[in-house]
Amino acid sequence: MIPRTAEVARSLALAAIVSLAGRPLAAQEVDRTALLATTSPSAFPALPSFVVADTLEAGRAGAGPAAFPLPEGKRIETARATGATPRVDGRLDDAAWSAARFVTDFQQKEPEQGAAPTEKTEVAFLYDDRALYVAARMHVSNARALDRILTRRDDDPKAERLVVTLDTYHDRRTAYGFAVTASGARLDWYHPEDDQARTDMTYNPVWEAHTAVDGDAWTAEMRIPFSQLRFTGAGPQTWGVNVERIVPSRNEQDYWVYVPRGETGWVSRFGELVGIQGLPAGRRLEVMPYVAGSAHMKSDALVEDDNPLDDGRDTGASTGMDLKMGLGSNLTLDGTVNPDFGQIEADPAQVNLSAFEVFFDEKRPFFTEGGQFLGAQLYADGQPNDPPPYFYSRRIGGPPHGVAEADFVDAPTHTSILGAAKVTGQLESGLSVGGLAAVTAEEQAHTYDVASRRRDDVAVEPRTYFGVTRLQKQFGAAGSTVALMLTGVRRDLPEGALADSLTRDAITGGADWNLRFAGGEYDLKGHLGFSYVDGDSAAIERVQRSSAHYFQRPDQDHVHLDPSRTSLFGVTGSMRFRKTGGGHLRAEAGAWGDGPGLELNDLGRVANVDDIATWSTFKWQEDTPRGLLRNWNASVNSFVKFNFGGTRKLTRGFLRSEHTWSNFWESSVELGLAPEWLDPDATRGGPMMGRASGWDLTAALSGNPENRLKWSADGYAFANAFGAWGVFLNAELASYVGDRLRLSVAPHWSHSLPARQYVDALAGGPPATFGTRYIFAAIDQHELSAQLRANYSFTPDLSLEVYAEPFASSGRYSRFGELPEPGSRTLKFYGSDGTTLARDAEGNVLVTDGAQSFTLDNPDFNVLSYRSNVVLRWEWQPGSTLYLVWQQNRSAAEAIGDPVGMGSLLDARTEPGENVLALKVTYWLPVR
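Remember, predicted model here, so these are calculated numbers, not experimental data.

Provide a residue-level description of the nonpolar core, including the pertinent values.
Counting 40 residues, the largest nonpolar core has Phe 125, Leu 162 and Leu 166 as its most contacted members. Membership of the second largest hydrophobic core comes to 27 residues, among which are Phe 391, Ile 417, Met 485 and Leu 600.

Describe the pattern of salt bridges, naming the residues involved and giving the relevant values.
Tallied over the full model, the rule gives 45 salt bridges. Between Arg 454 and Asp 456 there is a salt bridge whose closest N-O contact spans 3.0 Å. Residue Asp 456 is classed as partly exposed on the basis of its relative accessible area of 29%. A salt bridge links Arg 652 to Asp 696; its shortest N-O distance comes to 2.6 Å. Taken together, the residues span a long stretch of sequence, with Arg 652 in strand S30 (residues 648-661) and Asp 696 in strand S34 (residues 694-702) at a distance of 44 residues. Taking relative accessible area as the criterion, Asp 696 reaches 10% and is therefore assigned buried.

Lay out the sheet that holds strand S5 (residues 131-139) in plain terms, naming residues and giving numbers.
Taking strand neighbours across the sheet as the criterion, the five strands line up as S2-S4-S5-S10-S9 in an open arrangement whose pairing is mixed. Each edge of the open sheet is held by one strand with a lone partner, namely strand S2 (79-80) and strand S9 (208-213). Here S9 runs beside strand S10 (residues 217-225); their pairing, made up of six bridges, is antiparallel. For His 210, the partnering residue across the bridge sits in S10 and is Glu 221.

Just give me the short version of the pairing of strand S37 (residues 741-753), but keep the residues and values in it.
Pairing analysis gives eleven bridges linking strand S36 (residues 725-737) to S37, with the strands arranged antiparallel. When the sheet's bridge partners are listed, Leu 729 is paired in S37 with Trp 749. Linking S36 back to S37 in an antiparallel pair, the connection comprises three residues, with Gly 738 at a positive phi of about 75°. Here S37 pairs with strand S39 (residues 772-795) via twelve bridges, running antiparallel.

Go over unusual backbone geometry, please, and point to the residues and values.
A cis amide bond, omega -5°, links Glu 110 with the succeeding residue Pro 111. Tracing the backbone shows Pro 111 in the loop between strand S3 (107-110) and strand S4 (121-127). Even without a glycine there, the phi angle at Arg 815 is positive, about 50°. Judged by relative accessible area, which is 54%, Arg 815 ranks as exposed.

Please set out the environment of Ala 421 residue by residue, giving values where relevant.
Along the chain, Ala 421 falls in strand S18 (residues 417-426). Classification of Ala 421 by relative accessible area gives partly exposed; the value is 30%. In contact with Ala 421, not counting residues within four places along its chain, are Asp 334, Gly 335, Phe 366, Gly 435, Leu 436 and Ala 437.

Talk me through the packing of aromatic side chains; I want residue IDs and the actual numbers.
Considering all chains together, one arrives at 20 aromatic pairs under this definition. Measuring from ring centre to ring centre gives 4.9 Å for Tyr 792 and Phe 794, while their planes differ by 70°; the resulting arrangement is edge-to-face. Since its relative accessible area comes to 39%, Phe 794 is described here as partly exposed. Here Tyr 830 and Phe 854 contribute two aromatic rings whose centre-to-centre distance is 5.8 Å and whose plane-to-plane angle is 70°, an arrangement assigned as edge-to-face. Of the two residues, Tyr 830 is situated in the loop between strand S41 (828-829) and strand S42 (835-839) and Phe 854 in strand S44 (residues 852-856); the sequence distance between them amounts to 24 residues. Residue classification places Phe 854 among the buried positions, given a relative accessible area of 12%. Through a chain of ring-to-ring contacts, three or more aromatic side chains come together here, namely Tyr 176, Phe 178, Tyr 190, Tyr 203, Trp 207 and Phe 373. Seen from the ring of Phe 722, Arg 756 lies directly overhead, with NZ or CZ sitting 4.1 Å from the centre.

Thresholds, definitions, all that
Residues numbered from 1 in each chain as written. Predicted model: local features only at pLDDT ≥ 70, side-chain atom pairs only at ≥ 80, totals over all residues. Heavy atoms only, no water. Core = buried A, V, L, I, M, F, W, Y, C linked by side-chain atoms within 4.5 Å. Buried < 20%, exposed > 50% of the residue type's maximum accessible area, 1.4 Å probe, protein only. Salt bridge = Lys/Arg side-chain N within 4 Å of Asp/Glu carboxyl O. Helix = DSSP H or I, 4+ residues; strand = E, 2+ residues; numbered from the N terminus. Pairing = 2+ DSSP bridges. Contact = heavy atoms within 4.5 Å. Phe/Tyr/Trp six-rings, centres within 6.5 Å; stacked < 30°, edge-to-face > 60°. Lys NZ or Arg CZ within 6 Å of the ring centre and 35° of its normal.

Structural data, given as structure tokens:
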């Protein structure tokens with residue numbers, strides 16, 4: 001029998017379909033049986049037929065995934081702890097637990113869907129004025145066989161663990177996850193959407209958990225302060241809740257509320273936690289001061305004897321403070337003064353041969369926590385999303401934009417953040433609120449001129465103000481959302497070089513929506529947005545010429561470079577429809593457009609614009625174990641991209657299949673094909689260039705993710721009609737030595753030969769290419785790297801982590817030539833057709849073409865890099881942490897081009913560089 005809530009939701013969906021068919025009808029007037037029996041998909045031309053067919057079929061069946069069943073009767077009653085509150089030691093011997101109500105009705109999701117658990121699990125909840133308490137007893141048949149791997153907080157454990165997930169807003173969309181392993185290690189995360197797989201690991205609350213083991217069970221206690229949760233109002237609370245027990249040794253997952261494989265929804269399926277009431281209405285206040293010190297020491301080889309600005313040593317100390325205050329129970333104010341934003345782990349080394357910016361992940365706690373309320377782009381590898389990345393938080397406090405020129409320059413590596421504050425949370429109405437303001441300091445580089453013996457200070461970054469606002473409203477039974485977002489940047493620009501290169505004002509934003517139907521099985525997602533920048537005409541010309549725009553491209557007529565402009569306006573929009581659940585078929589179709597004038601890179605991120613893209617996906621998914629496979633899917637996909645002038649930039653079709661095998665190994669394979677296309681970016685502001693047709697292949701294989709020994713391997717290969725090709729291989733091997741030490745290595749190897757790598761653009765070209773030579777070459781590129789890690793956990797709160805990444809890359813250029821005319825797919829190769837090609841002793845390229853001769857600087861390269869961190873992390877009391885860090889950064893570059901090998905990785909370790917020692921201590925002080 002379908003629960004009443006689901007029946008109402010189904011009736012509303014059917015009424016909406018009837019309305020789209022031109023027969024308006026109130027939900028309560030739908031004769032469901034008669035309607036379903038007599039209706040066919042052809043009656044609804046306003047919707048895709050497969051959408052209507054699936055909805056109607058699910059309704060006729062009266063049950064099944066499309067019916068979106070809510071857990072009827074699933075409820076946990078908690079009570080206020082009487083007398084002494086539980087002492088959180090994991091032993092469950094407190095008197096308060098003797099009166100608590102334990103739930104035991106769990107079901108397996110893996111390996112036997114819907115079966116009774118192999119062993120019993122008991123869970124209960126209590127609360128007092130300050131915190132929620134959780135007690136759990138996990139029965140085991142053999143305590144000696146219990147997997148008790150110990151890891152640092154938030155590390156990936158392969159131990160048996162208990163997970164408690166709380167939908168504190170009871171919005172059936174978002175939730176907080178808390179987990180503890182049998183060894184006492186804690187994990188926590190945030191679910192920003194109604195999807196179990198979508199987790200934000202940057203959520204880092206202050207809470208406690210301890211475990212103990214007796215003869216026939218392991219037990220756990222959690223204390224989760226209400227100050228670390230966000231919920232609506234101070235009255236009686238009803239929260240969504242789910243509890244999960246994971247047993248890696250049996251590949252078993254037991255849930256209090258389990259969602260069958262292949263069905264949509266996660267938070268929306270939770271049961272209810274009831275009984276919390278009478279919480280005090282006092283404000284939450286937390287203060288976290290810090291003190292930090294560091295010492296930087298350069299290798300003697302990097303210190304120039306006659307440089308008065310650098311003696312190879314630099315020490316410093318700083319203090320600051322973070323503040324967190326609850327504005328009622330719904331909103332949280334975070335503030336920081338003179339924040340310390342040192343990175344614990346260095347960004348990975350890369351060789352970037354493109355014209356586009358390289359983006360790195362955000363790791364700074366002030367920006368990562370609550371980033372979901374601000375629409376923050378936290379990860380460099382994120383896929384295009386709705387809304388676009390208007391807010392890329394690493395713009396705040398990033399490297400200065402200006403460049404100082406002198407014989408010797410001492411320039412800051414980052415911009416100081418004077419202060420920042422943000423307000424985040426969700427109101428009782430379902431309105432999510434996010435607001436951020438930050439101010440960065442004016443930065444100057446110190447310079448020294450040898451001839452005049454003059455020292456100067458040159459401005460390289462103005463004082464800058466940043467603002468971000470996002471409002472999101474949830475509505476409807478399925479948890480649809482609509483949001484508005486606005487960002488702004490204002491720079492105090494003096495006259496001079498900075499005003500010529502930086503915009504003065506930048507405003508971006510727009511609306512986005514996610515309309516969910518049939519319990520979330522279908523959604524219609526999209527956005528409409530804009531950008532506006534203004535400043536000196538030289539600064540706006542720089543924006544027009546940047547790699548994101550290339551307005552100066554001579555063979556286009558839909559945009560043009562205007563050096564007199566003092567502002568630039570752009571738009572962006574998208575629409576995407578998906579079927580995400582119900583039956584075997586999954587489907588997606590969408591379109592995306594970024595106008596030529598869109599500029600997000602003052603506070604957001606965009607690689608290039610002037611794009612209109614369409615895509616579609618049809619996937620068949622099987623979630624019932626059969627034979628060697630537990631589940632699998634196969635999809636056919638297409639992607640087409642044009643610019644606003646109507647030029648087709650790229651077409652790609654690909655087939656993809658993913659599999660989980662009976663031994664829980666996972667594999668995937670993807671084959672893509674692309675016909676010939678025109679690339680307006682290849683010449684970096686020059687005319688279009690033709691690209692060859694080609695293919696690419698991706699494959700991956702990984703072992704059981706719950707095993708102590710973790711391994712994976714993946715590869716990518718491509719080739720095209722120009723003779724270009726490449727092979728890229730990655731692997732990872734990680735294992736526990738005992739229960740405390742984890743060792744891992746993740747090597748990367750690649751060898752590629754792109755046939756059309758941009759080299760340079762020189763004046764003196766033929767009229768066909770508008771008087772400029774656009775020069776390209778083939779590049780034989782080799783790359784090797786390895787990420788090495790060793791993590792040792794002394795206790796759940798004290799760990800030592802060692803990270804090292806040697807990196808080596810080389811490139812040797814050959815087959816130089818130039819673009820003979822716009823759109824050409826061939827080159828005029830030097831050394832033929834009346835031209836000569838030679839290299840001198842330094843590797844410089846010498847070319848003669850008739851009466852003209854020119855020289856290209858040697859483009860070959862060998863790059864070595866070694867980056868490492870040793871971090872001792874000690875949470876010496878809840879929320880208070882000590883970090884002791886030793887970091888090395890070594891590098892070298894030469895114009896050689898010899899292929900790198902394993903010996904190059906060893907050589908990287910001995911190159912000159914910098915050692916950094918740092919100590920930071922924070923103190924968490926909760927104030928009533």
